[in-house]
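# Inside the fold
Listed below are the residues making up each chain.
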Amino acid sequence: MTSKDHMKGHKAGETITGAQALIRALEMENVDVMFGLPGGCILPAYDPLIESPIRHILVRHEQGAGHMAEGYAHVTGRPGVAMVTSGPAATNMVTPLCDAYMDSIPMVAITGQVGTSAIGTDAFQECDTVGITRSITKHNDLVMSADDLPLAIRQAFHIATTGRPGPTLVDIPKDVLTNSMKWHWPTDDEVADSLPGYKPVSKGHPRMIKEAAQLILKAQQPILYVGGGVLKARAASALRELAELTGIPVVTTLMARGAFPDDHPLCLGMPGMHGTAAAVTAMQKSDLLIALGSRFDDRVTGRVNSFAPHAKIIHVDIDPAEQGKVRKPDVPIVGDCRLVIEEMIKAINDLLADQKQVDITPWRSRVSGWQEQFPLTYEPSEEGGVLKPQYCLEQLRDAAPEGTILVSGVGQHQMWSSQYWKFNEPYTWVNSGGLGTMGFSVPAAIGAKVGRPDKTVWAVDGDGCFQMTAQELVTASLERIPVKIAILNNSYLGMVRQWQEMFYEERYSEVYLSQDTPNYVKWAEAMGCVGIRVDDESEVASAIDKANSINDRPVVVDFRVDAGEKVFPMVAAGQSNDDLMLHPSQNSRREFLR
Amino acid sequence: MNTANPYGSTPTHHMLSVLVQNKPGVLARVASLFARRGYNIFSLAVAPTDDPEFSRISIVVDVESAPLEQIVKQLFKLIEVVRISELDPRRSVERELMVATVRVTPEQRGQVVELANIFEGKILSVGQDAIILSMDGSPEKLDDFSDLLRQYGIIESQRTGRVALPKLDRAAKN
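None of these values were measured; they are calculated from a predicted model.

## What to know about the nonpolar core
Formed by 67 residues in total, the largest nonpolar core has its most connected members in A:Leu224, A:Val226, A:Leu292, A:Ile314, A:Ile333, A:Ile341 and A:Met344. The element contributing the most residues to this core is helix H16 (residues 337–352) of chain A, with eight residues.

This is the structure we're talking about:
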């Protein structure tokens, strides 16, 4: 019996059902909340849940459970847990699993399965869950015996949370839940022995770290290219120390917003397709990119063969397969970002004892020049004119209580959120980066609020996104999870509209939704939320104040915004980052970017 | 070597010897990883090792489809993959088994049996106008053998894919 087992009063060898063992195993993993929806094959597991201290949040659609688990994991760093039944419930979990896989979110999904004797017979609500989710989970497992359940759950949590985090899935046939077993909680050694091929590396190679330190001190135009791995490794304060020690400017990718404070003088904001001109250009002109937990995603690099053509690359990533996947590094370092950055700081300090860092003030002033010349900008609306989405975001940002968590869906509103919000703390930004899942924000915001009830959670959503998963606001109302949703409603699939305007000669194909259907205020009210509609600038501040003051139920604010507004700057898909399209009002200053 | 022979070794073929946990679904994981990442499997052989906890998958990959290093790294991310070694053909022993049904007239039968003897092949079955042979050896030897059989007419043939182990050191240690 392990000491923890003893603490919880469980006796090794005690005979219990598989279902009891499952719930007990989740308790042993310190699960405090799970998101789910019961059904046929998972029914036995829902019975012992009644006696469990684990809070269960009953969703309205299984996809919601998955995204809630992701939102919870984003803001707490702890694995989100979703439990659903077999067949259609498992296939509804596919999108969140893939989303979590792309963004390296620790998450454990538990799915019911038909009885072991019915597997492979096309039984009612049977599907090959393990087969379907194989390529979108870090690992998955079909448990064929109740005795194997505790180890399977321990492995799932261990794999989801160590190394490069990711989603895992445990598929459990109904009879495995109803059969009895002798309780046994595996020790750490038993878990390690059961996974002989799983040994994530966390400490970087000292020689590589020293080599990196030497490159850093010699670079004339270095940039810290910070990705989501820095947040996963809880490395924000180490990163800040490294940046301040070396004075190297920092870009934070979409997945890393908040890893370095936006109000820090070294912060250039987001790079990539809709990144700031300073961030995009500084990377292009750099002679050394220090990639920390970033993966040279196509939305960051633009056309790869013209990306940062003169830069040497130091690539720190815990996943060896990211090294050289897109761009060959000069110094590859496999390891946990926090541990590696800390060692890098030591190595730099050692070298500084008898050598000086190259003076990068000329580079710094060149970069600040770009920042001053090319701030994010938009054309404000004229008196009584249509609301600008960026204006709504600025107002939301300025009125947001300290430490507010911002969650977004996918599209124009997501890019504006990343651009116009000021992220000064880590874990205050939740979005779907890699998969780009429309409909992510409402359930993810609910999960985030469950994980951090002490914080205000605002979701900024598009009207297209909102219609995909809005039903989870019923869950939020009934479970008393007071999230706030700001719909930047332009009655279009805005990003698609932007591309059709710019790249398809304004031939608009199937992008218009509707200006009057649905009625978002009525819809919000029907779901137990407060609904507010805002058409004019003069109403913005009071609507936001009202929303911020409501803390006993969810609030939906329907901001009616300009449909013609486009996201700038922009690098067209497949183009070089050198061909960044600026906001039209900045075009005349273009040569400053050279 | 006959370049038209689909079994011919080319420089873009590399042999990976992958030690995996012997669990259901492991082969599916490996196969689906190759499919999902756009890597081509040229040949594949799987069997348990002397330790029944583990199996060895011998994969010949077509590296023109992706850099070998990336294939190995992605493979190693599979939780059940324990060890991967790339076997250099010059420093490993490779074996493959072939069985083939060859069309022979009674007059030709003797010639084919003689060929089989030269190549240390075996006669598995003899019919009125055909004969089934088996042969094991290096993939190149099998290529040569089937080239010679082709003039008689191969009705059908099956090869196992390569299995290999690293060669032993000849020099004494230390």
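## Concerning the pattern of salt bridges
In this structure the tally under the stated criterion is 34 salt bridges over all chains. One salt bridge in this structure joins A:Glu211 and A:Arg207, with 3.8 Å as the shortest N-O distance. Within this pair, A:Glu211 and its partner A:Arg207 are both found in helix H11 (residues 206–218), separated by four residues, close to a single helical turn. Ionic pairing is found between A:Arg533 and A:Asp535, a salt bridge with its closest N-O pair at 2.9 Å. Here A:Asp535 falls in the partly exposed class, since its relative accessible area comes to 34%. Shared partners join several salt bridges into a network, and the residues in it are A:Arg164, A:Asp319, A:Glu322, A:Lys325 and B:Lys77.

## Notes on the interface of chain A and chain B
The interface of chain A with chain B comprises 18 residues on the first partner and 17 residues on the second. Counting the surface lost from both chain A and chain B, the interface buries some 1,500 Å², and carbon and sulfur atoms represent 52% of this. At the surface where chain A touches chain B, the tally comes to one salt bridge. Two residues, B:Lys77 and A:Asp319, come together in a salt bridge whose shortest N-O distance is 2.5 Å. There are six residue pairs in polar contact (both at pLDDT 80 or more) connecting chain A and chain B. Taken together, the residues of the side of chain A that touches chain B sort by class into seven nonpolar, six polar and five charged.

## What about unusual backbone geometry?
Residues and elements named next belong to chain A. The omega torsion across Thr517 and Pro518 is 0°, close enough to zero to call that bond cis. In this fold, Pro518 is placed in the loop between helix H23 (494–503) and helix H24 (520–526). Non-glycine residue Ser104 carries a positive phi angle of around 55°.

## Remarks on a nonpolar patch on the surface
Residues and elements named next belong to chain B. Where nonpolar side chains cluster on the molecular surface, the patch consists of Leu27, Ile41, Leu44 and Val46 and spans about 270 Å² of accessible area. For the nonpolar patch, the element with the most residues is strand E2 (residues 40–48), which contributes three residues. Examined against the element boundaries, Leu44 turns out to sit in strand E2. When its relative accessible area of 31% is taken as the criterion, Leu44 is described as partly exposed.

## Brief notes about the sheet that holds strand E12 (residues 312–317) of chain A
All names here are of chain A. The strand order E10-E9-E11-E12-E13 describes an open sheet built from five strands, whose pairing is parallel. One side of each edge strand has no neighbouring strand; the edge strands of this open sheet are strand E10 (250–252) and strand E13 (331–334). Averaged over all neighbouring strand pairs, the angle between strand axes comes to 15°, with direction disregarded. Here strand E11 (residues 288–292) runs beside E12; their pairing, made up of five bridges, is parallel. Bridged to Leu289 within E12 is Ile313. Each of E11, E12 and E13 touches H16; the most contacted strand, E12, lies at about 130° to it.

## A short note on the packing of H11(A) against H16(A)
Residues and elements named next belong to chain A. Where H11 meets H16, the axes come as close as 9 Å, and the angle between the chain directions of the two elements is 60°. The angle between H11 and H16 falls in the class oblique. Of the two elements, H11 crosses H16, and the hand of that crossing is right-handed. Contacts between H11 and H16 involve Ile209, Lys210, Ala212, Ala213, Gln214, Ile216 and Leu217 on the former and, on the latter, Val340, Glu343, Met344, Ala347, Ile348, Leu351 and Leu352. Looking at side-chain class alone, the contact of H11 with H16 contains eleven nonpolar, one polar and two charged residues.

## Some points on the environment of A:Ala233
Residue and element names in this part refer to chain A. For Ala233, the location among the structural elements is in the loop between helix H12 (228–232) and helix H13 (236–246). Using a relative accessible area of 9% as the deciding quantity, one classes Ala233 as buried. Linking Ala233 and Arg164, residues 69 residues apart in sequence, is a C-alpha distance of 9.1 Å.

## Observations concerning the packing of aromatic side chains
Residue and element names in this part refer to chain A. By the definition in use, this model includes 15 aromatic pairs over all chains. Residues Tyr492 and Tyr512 carry aromatic rings whose centres are separated by 5.2 Å and whose planes lie at 65° to one another, so their mutual orientation is edge-to-face. Linking Tyr492 in the loop between strand E17 (484–489) and H23 with Tyr512 in the loop between H23 and H24, this pair joins segments that are 20 residues apart in sequence. The partly exposed category is assigned to Tyr512, whose relative accessible area is 46%.

## A few points about the domain arrangement of chain B
Residue and element names in this part refer to chain B. Domain boundaries assigned for chain B yield domain 1 (13–87) and domain 2 (93–165). Here the C-alpha centre of domain 2 lies 29 Å away from the C-alpha centre of domain 1. Facing nine residues of domain 1, the contacting portion of domain 2 comprises seven residues. Considering only the side of domain 1, the residues that lose the most area to domain 2 are Met15, Ala45 and Leu87, jointly responsible for 47% of the buried surface there. The interface formed by domain 1 and domain 2 holds zero salt bridges in total. Taken together, the links from domain 1 to domain 2 amount to zero residue pairs in polar contact (both at pLDDT 80 or more). Of all the elements in the fold, those that place two or more residues in the side of domain 1 that touches domain 2 are E2 and strand E3 (54–62). Ranked by the residues each element gives to the side of domain 1 that touches domain 2, the list is headed by E2, at four residues. Of the residues belonging to the side of domain 1 that touches domain 2, the class tally is six nonpolar, two polar and one charged.

Reading guide: rules and limits
- Residues numbered from 1 in each chain as written.
- Chains lettered and ligands numbered in written order.
- Predicted model: local features only at pLDDT ≥ 70, side-chain atom pairs only at ≥ 80, totals over all residues.
- Heavy atoms only, no water.
- Core = buried A, V, L, I, M, F, W, Y, C linked by side-chain atoms within 4.5 Å.
- Buried < 20%, exposed > 50% of the residue type's maximum accessible area, 1.4 Å probe, protein only.
- Helix = DSSP H or I, 4+ residues; strand = E, 2+ residues; numbered from the N terminus.
- Salt bridge = Lys/Arg side-chain N within 4 Å of Asp/Glu carboxyl O.
- Contact = heavy atoms within 4.5 Å.
- Buried area = accessible area lost by both parts, 1.4 Å probe.
- Polar contact = N/O pair within 3.5 Å; in protein donor to acceptor, adjacent residues only side chain to side chain.
- Nonpolar A, V, L, I, M, F, W, Y, C, P; charged D, E, K, R; others polar.
- Patch = residues over 30% accessible without salt bridge, like charges linked within 9 Å, V, L, I, M, F, W, Y side chains within 5 Å.
- Areas by Shrake-Rupley, 256 points an atom, 1.4 Å probe, with all protein chains shown as cover.
- Pairing = 2+ DSSP bridges.
- Axes fitted to C-alpha atoms, helices over the stretch in contact; angles between N-to-C directions.
- Parallel < 35°, antiparallel > 145°, perpendicular 65-115°, else oblique.
- Left-handed = near helix turned anticlockwise from the far one by under 90°.
- Phe/Tyr/Trp six-rings, centres within 6.5 Å; stacked < 30°, edge-to-face > 60°.
- Domains from an automatic or database assignment.

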